[in-house]
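# Structural features, examined
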Amino acid sequence: MIRYFDNNATTQMESDLAELMASLCTEEYANPNSMHTFGVKQSRMLEEARARVASCLSCNSSEIFFTSCATETINWILRSTVFFRGKKKKIVTTSIEHKAVLNTLKDLKAILDIDYVEISPESNGIVEAEKLLREVDDETFLVSVMAVNNVTGAIQPFEEIGRELVGLDLLYHVDAVQTIGKIPFTPESSFCDYASFSSHKFHGPKGVGIAFVKRGSPIKPMLTGGNQERGLRSGTQNVPGVLVTSIAMQRALDCMEKASGITKDFQNRISRAVVELGGYINTPECSICNTVNASFGGIRSEVLVNALSEEGVFVGTSSACSSRNDGGQYVLDSMGISPSIASGSIRISMSRFTTEEDVEDLIEKLKKTIPLLKF
Ligand code: PLP
């Protein structure tokens, strides 16, 4: 029996959607850009998917573009903004962004005459909006902020920041990858020019990313070629993946309220058990309900992850010591958590498919494993 608690890394597809995708691949395989009626049918499906995603995000279909993952979307958006910066040189971001943002900015800095400022979070993992806004000046051409941190689950003040940026001569990107099905998100209420999403984080397939580009906000194509996606992202579109993504997104939003209530209860129960076992909780109160980032002093996270794996319980790690890590320890370091605690942190992340039995088994296995590993 698999007890899966690594849903911030990726999620399971529902079997009917996996079957739908397989049947689209074998039966509806024409190129959506072909002239014949078989291709036109695919093109209609693509636009149906775009309209569904746009309706989920309360925006216009023309503002939605499909890519291969959020990393591609983020690269596209951040790299595009530098072409519209005029003489400005500064980007403001946070030190807890996903590496898709931080490494792209690092690369841009290495190849171009730009600089960026990373604002650190407070000890609870939340960046203070005021602190970030104080760094925004006449030199700033881009602000990039994540809505929800993938390592701790902390909700960032992305709406407040967006509201304060309105009217300023700069561009605003929100990495909204961890929002879908967890907290309400619309580009309008975050006042952003751009937002990024990844289908496999909300029970869609891997290989599909989404870019929101506000009408009128500047964007340059990153992939040039056959002029698909209105000339902005060339390459034959993944119609099966995109169609299933749109349905998965719709379901995630439809189930959000109920699922959040259930995972909130699970989150509380897991947190209580962690504390009873002498662990620390690195996830703040203001977080998505599905995540508990916990540290157990004296136990290295990879050792704990392996021990739990042996018991059929799969959790994530934010430690940087393992070669198969998601590299999240820098987030805990940024919060000022001591390295000895941060190196023993695990990330427990649930989904709407997490059951009562899963949670009971996780707690039981933690109770069994932690005392053994401490000595
Ligand atoms: N941004 C955040 C907040 C994430 O959690 C992730 C994935 O973990 C990404 C971006 C990158 O998504 P992908 O790996 O699907 O490109």
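Below is a summary of the structure that appears in this document. Residue positions within a chain follow its written sequence, with the count starting from 1. Confidence filtering applies because this is a predicted model: local features only for residues at pLDDT of at least 70, side-chain atom pairs given and counted only at 80 or more, and all residues used for totals across whole chains, interfaces and linings. Only hydrogens and water are set aside; all other atoms, that is, all heavy atoms of the structure, feed into the side-chain values.

As a further point, take the layout of surface pockets. For cavity detection a 1 Å grid was placed over the protein atoms alone, and a set of points counts as a cavity when a 1.4 Å probe fits there but cannot get out; an open set counts as a pocket when protein lies on both sides within 12 Å along at least five of seven lines, with lining residues being those that have an atom within 4 Å of a point. Grid points are joined across faces, edges and corners, and a volume is the space filled by probe spheres set on the points. Considered as a void within the structure, the largest pocket measures approximately 290 Å³ in volume. In terms of lining residues, the largest pocket is bounded by 20 residues, among which H98, N150, V177, Q178 and K201 are the most central. Where helices and strands are cited, they refer to DSSP runs of H or I of at least four residues and of E of at least two residues respectively, numbered from the N terminus. Among the elements of the structure, α3 (70-81) and α4 (99-111) are those that each provide at least two residues to the lining of the largest pocket. Counting residues per element, the lining of the largest pocket draws most heavily on α3, at three residues. The residue inventory of the lining of the largest pocket, partitioned by class, reads eight nonpolar, seven polar and five charged. Only Asp, Glu, Lys and Arg are considered charged in this grouping, and only Ala, Val, Leu, Ile, Met, Phe, Trp, Tyr, Cys and Pro are considered nonpolar; every other residue, Gly among them, is considered polar.

Here we come to the state of the cysteines. Throughout this description, disulfide means a covalent bond between two cysteine sulfur atoms. The criterion for a disulfide is a pair of cysteine sulfur atoms lying within 2.5 Å. Applying the stated criterion across every chain yields a total of zero disulfides. Summary of cysteine pairing: C25 is not part of a disulfide, and the nearest cysteine sulfur, belonging to C69, is at 18 Å. Lacking any disulfide linkage, C289 is separated from the closest cysteine sulfur, that of C286, by 10 Å.

With that settled, consider the pairing of strand β2 (residues 64-67). A two-sided burial pattern is seen for β2, the buried positions comprising I64 and F66 on one face and F65 and T67 on the other. For β2 and strand β8 (residues 209-213), the ladder comprises four bridges, and the chain directions are antiparallel. From the neighbouring strand, I64 faces β8, where its bridge partner is F212. For the exposure calls, accessible area comes from a 1.4 Å probe over protein chains only, and a residue counts as buried if that area is under 20% of its type's maximum, exposed if over 50%, partly exposed in between. By the convention used here, strands pair only if DSSP detects at least 2 bridges between them.

The next thing to look at is the site of the ligand. In the neighbourhood of the ligand, 13 residues make up the surrounding shell, with T71, D175, Q178, S198 and K201 lying closest. Within 3.5 Å is the distance limit for a polar contact, defined as a pair of N or O atoms, with the added protein rule that one can donate a hydrogen and the other accept it, and that residues adjacent in sequence qualify only through two side-chain atoms. Contacts to the ligand include H200, whose side-chain N or O atom sits 2.8 Å from an oxygen atom. A total of 390 Å² of accessible area belongs to the ligand in isolation, and the protein chains cover 88% of it. Under a 2 Å grid-point criterion requiring more than half of the atoms, the pocket assigned to the ligand is the largest pocket. No other element matches the three residues that α3 contributes to the shell around the ligand. Nearness here has a simple test: a residue counts as near a molecule or strand if at least one of its heavy atoms is within 4 Å of that partner. What sets the accessible areas is the Shrake-Rupley method with a 1.4 Å probe; for residues, cover comes only from the shown protein chains. Any molecule with more than half of its atoms within 2 Å of a cavity's or pocket's grid points is regarded as sitting in that cavity or pocket.

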